[in-house]
Amino acid sequence: WDVLWRASIETLQTTITGTFLGGLIAYPLGVLAASNWTPAWVHLPVKAAMAFIRSIPLLILALLFVSAVGLGPFPGVLAITVHSVGVLGRFVAEEIESTDPRPLQALQGTGASPIQIIQHGLIPQVLPQMVAHLAIRFEMNLRDSTILGLVGAGGLGFYVFLYVKQFQWEKTGVLCLAIVLLVFAGEFVSWQ
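Residues numbered from 1 in each chain as written. Predicted model: local features only at pLDDT ≥ 70, side-chain atom pairs only at ≥ 80, totals over all residues. Heavy atoms only, no water.

Looking only at helices and strands, one finds eight helices and zero strands in the chain. The order of helices and strands in the chain, counted from the N terminus, is α-α-α-α-α-α-α-α. For the chain, the C-alpha atoms occupy an extent of roughly 70 × 35 × 20 Å along the three principal directions. For the chain, the proportion of contacts with a sequence separation of at least 24, taken over those separated by at least 6, is 70%. Computing the positive centroid from 9 side-chain charges and the negative centroid from 10, the chain places the two 5 Å apart. (Helix = DSSP H or I, 4+ residues; strand = E, 2+ residues; numbered from the N terminus. Contact = heavy atoms within 4.5 Å. Lys, Arg positive; Asp, Glu negative; His and termini not counted. Charge placed at Lys NZ, Arg CZ, Asp CG, Glu CD.)

Spelled out as structure tokens, the structure:
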């Protein structure tokens, strides 16, 4: 039970930290990637970088970070952060590109600064979708972080891999059940 609780908490911490850091980086990058907010020489390279990040599978990112910084939950956090930047950044850019330009033009016509236009015209239009995308990404990251341990990035997956190698099927079954319950709980939270 001690392993189950420690590994579950480690998996949750990895998910929460990676998703939070990914969102912090992705939201400003999403603004830079929006074609209606930045010139082509800015948004095209940012979109290309985020597409490149998304093209790398999460387990490969975790392997790269395990080899760079060692075993444990930290490479899992880095992998989830980087992958979340690519996915959330794209969603943010698409939401910004689909906003209604009329409120933004009205604010600009009143002499509002670019920061005020973003604060009072853009954010109210995209915030609900950004929160929804973040909740969905959290649920997906929770599911993904349970298997990052297979490559040495800590959490429940590490112990599943360890117990499978030792043919300890009862412990493996309990941890697999814990993974299913944890992922279901994360999905239930994202419904709210």
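This brings us to the packing of aromatic side chains. The tally for this structure, following the rule as stated, stands at one aromatic pair. Ring geometry for Phe 167 and Trp 169: centres 6.0 Å apart, planes at 65 degrees, overall edge-to-face. (Phe/Tyr/Trp six-rings, centres within 6.5 Å; stacked < 30°, edge-to-face > 60°.)

The geometry of helix α2 (residues 40–55) relative to helix α4 (residues 73–97) is characterised by a closest axis approach of 8 Å and an angle of 135 degrees between their N-to-C directions. Taken together, the axes of α2 and α4 are oblique relative to one another. Viewed along their axes, α2 and α4 form a crossing whose handedness is left-handed. In contact with Lys 47, Met 50, Ile 53 and Arg 54 of α2, α4 contributes Val 82, His 83, Val 85, Gly 86, Val 87, Gly 89, Arg 90 and Glu 97. A class-by-class count of the residues in the contact of α2 with α4 yields five nonpolar, three polar and four charged. (Axes fitted to C-alpha atoms, helices over the stretch in contact; angles between N-to-C directions. Parallel < 35°, antiparallel > 145°, perpendicular 65-115°, else oblique. Left-handed = near helix turned anticlockwise from the far one by under 90°. Nonpolar A, V, L, I, M, F, W, Y, C, P; charged D, E, K, R; others polar.)

We now examine the pattern of salt bridges. Taken as a whole, this structure holds four salt bridges when the rule is applied. Among the ionic pairs, Lys 47 bridges to Glu 97, the shortest N-O distance being 2.8 Å. Of this pair, Lys 47 sits in helix α2 while Glu 97 sits in helix α4, placing them 50 residues apart in sequence. Look at Lys 47 and you get partly exposed, because its relative accessible area is 29%. Its relative accessible area of 28% is what places Glu 97 among the partly exposed residues. The salt bridge involving Arg 143 is made with Asp 144; its shortest N-O contact spans 3.7 Å. (Salt bridge = Lys/Arg side-chain N within 4 Å of Asp/Glu carboxyl O. Buried < 20%, exposed > 50% of the residue type's maximum accessible area, 1.4 Å probe, protein only.)

The subject of this paragraph is a nonpolar patch on the surface. Residues Phe 20, Leu 21, Leu 24 and Ile 25 make up a contiguous nonpolar surface patch of about 380 Å² in total accessible area. Considering the arrangement of structural elements, one finds Phe 20 in helix α1 (residues 2–33). (Patch = residues over 30% accessible without salt bridge, like charges linked within 9 Å, V, L, I, M, F, W, Y side chains within 5 Å. Areas by Shrake-Rupley, 256 points an atom, 1.4 Å probe, with all protein chains shown as cover.)

Judged by nonpolar contacts, Leu 4, Ala 7, Leu 142, Leu 156, Tyr 159, Val 160, Tyr 163, Leu 175, Ala 178, Ile 179, Leu 182 and Val 183 together constitute the single largest core of twelve residues. The greatest single-element share of this core, amounting to five residues, is contributed by helix α8 (residues 169–191). Not counting residues within four places of it along the chain, the set of residues in contact with Leu 156 comprises Leu 4, Ala 7, Ser 8, Thr 11, Thr 146, Leu 175, Ile 179 and Leu 182. Counting ten residues, the second-largest nonpolar core is a separate cluster that includes Tyr 27, Ile 96, Leu 104 and Ile 117. (Core = buried A, V, L, I, M, F, W, Y, C linked by side-chain atoms within 4.5 Å.)

Okay, helix α7 (residues 156–165) next. Every buried residue of α7 is accounted for by Leu 156, Gly 157, Tyr 159, Val 160 and Tyr 163. Each buried residue of α7 lies within a common arc of 160 degrees when the element is viewed along its axis, so the set occupies one face. Two residues or fewer past α7, Phe 167 is found with a positive phi of approximately 60 degrees. (Arc of directions from axis to C-beta.)

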